[in-house]
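# Observations on the three-dimensional arrangement
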There are 2 protein chains.
Amino acid sequence: MKLKIYVTLKNGVLDPQGKAIHHALESLDFKGVQDVRAGKLIELTVDDNIADADIEAMCEKLLANTVIENYAIEKVADSAVQETA
Amino acid sequence: MKLKIYVTLKNGVLDPQGKAIHHALESLDFKGVQDVRAGKLIELTVDDNIADADIEAMCEKLLANTVIENYAIEKVADSAVQETA
């Protein structure tokens, strides 16, 4: 089974990487960009019988820093997105 | 309008970051993880009248290294995913 984990910064958390991308886009003369937020997309290939609790524990313990980041889990097989934290 | 740009490594390209995450998950005793691929999720807030060609040009010129990376553009407003390159 394939999982997609989307890790994004919580609102209000400063995003220097996003700012740098934004400035770079402007220096390349791209107009109309109001804001840029950079995050992570982690694609996991896991056994089909893996428990949801284990997937959440992976996110909580390693894949996301839940103090400043949100994560969302998408099971690509049946594309059921679980919004969490 | 909000855009989500998913940047992922092309198949066959070595992914040291993914390998490191995989080893870390195993050292935390998580079972059943077969493979990990790390990518980027870039969220852009742009003017509604921005041209598709400009969005693609942003990806081609800055957001993705098209030699080793694929990118996919999702317009969150009407959630139409465009798979590219």
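As the structure is a computational prediction, the values presented were derived from the model and not from experiment.

Among the nonpolar cores identified, the biggest contains 21 residues, and Leu25 of chain A together with Ile5, Ile42, Leu44, Met58 and Leu63 of chain B are the most heavily contacted of them. Every element with two or more residues in this core is listed here: α1 (16-27) and β2 (33-46) of chain A together with β1 (2-9), β2 (33-46), α2 (52-63) and β3 (69-75) of chain B. Looking at this core, the element that brings in the most residues is α2 of chain B, giving five residues. Counting 20 residues, the second largest nonpolar core, distinct from the first, contains Val7 of chain A together with Leu25, Phe30 and Val36 of chain B.

Residue and element names in this part refer to chain B. In terms of burial, β3 is largely enclosed, as six of its seven residues are buried. In terms of strand pairing, β1 meets β3 through seven bridges, oriented antiparallel. Among the inter-strand pairings, lysine 4 is bridged to a residue of β3, identified as glutamate 74.

Residue and element names in this part refer to chain A. In this structure, leucine 9 sits in strand β1 (residues 2-9). When the C-alpha positions of leucine 9 and tyrosine 71 are compared, they lie 8.7 Å apart, and in sequence the two are 62 residues distant. The contact partners of leucine 9, leaving out residues within four places of it in the chain, are Leu14, Asp15, Arg37, Ala38, Ile68 and Glu69.

Let us now look at the interface of chain B and chain A. Quoted interface sizes are often the accessible area lost when the parts come together. Listed as interface residues are 31 residues of chain B and, on the opposing side, 31 residues of chain A. Across the chain B to chain A interface the summed buried area is about 2,700 Å²; carbon plus sulfur atoms make up 67%. Between the two partners, chain B and chain A, sit twelve residue pairs in polar contact (both at pLDDT 80 or more). Here the side of chain B that touches chain A takes 14 residues from β2 of chain B, the largest share from any one element. When its residues are assigned to classes, the side of chain B that touches chain A shows 18 nonpolar, five polar and eight charged. By the bridge criterion, 13 bridges tie β2 of chain A to β2 of chain B in an arrangement that is antiparallel.

Residues of α2 of chain B that are buried include every one of Ile55, Ala57, Met58, Cys59 and Leu63 of chain B, and no others. Its buried side turned inward, α2 of chain B meets α1 and β2 of chain A together with β1, β2 and β3 of chain B.

It is worth spelling out the pattern of salt bridges at this point. Residues and elements named next belong to chain B. According to the stated counting rule, one finds six salt bridges over all chains in the structure shown. A salt bridge links lysine 31 to aspartate 29; the shortest N-O distance between them is 3.2 Å. For lysine 31, a relative accessible area of 59% puts it in the exposed group. Residue aspartate 29 is classed as exposed on the basis of its relative accessible area, which comes to 58%.

What counts and what doesn't
- Residues numbered from 1 in each chain as written.
- Chains lettered and ligands numbered in written order.
- Predicted model: local features only at pLDDT ≥ 70, side-chain atom pairs only at ≥ 80, totals over all residues.
- Heavy atoms only, no water.
- Core = buried A, V, L, I, M, F, W, Y, C linked by side-chain atoms within 4.5 Å.
- Buried < 20%, exposed > 50% of the residue type's maximum accessible area, 1.4 Å probe, protein only.
- Helix = DSSP H or I, 4+ residues; strand = E, 2+ residues; numbered from the N terminus.
- Pairing = 2+ DSSP bridges.
- Contact = heavy atoms within 4.5 Å.
- Buried area = accessible area lost by both parts, 1.4 Å probe.
- Polar contact = N/O pair within 3.5 Å; in protein donor to acceptor, adjacent residues only side chain to side chain.
- Nonpolar A, V, L, I, M, F, W, Y, C, P; charged D, E, K, R; others polar.
- Salt bridge = Lys/Arg side-chain N within 4 Å of Asp/Glu carboxyl O.

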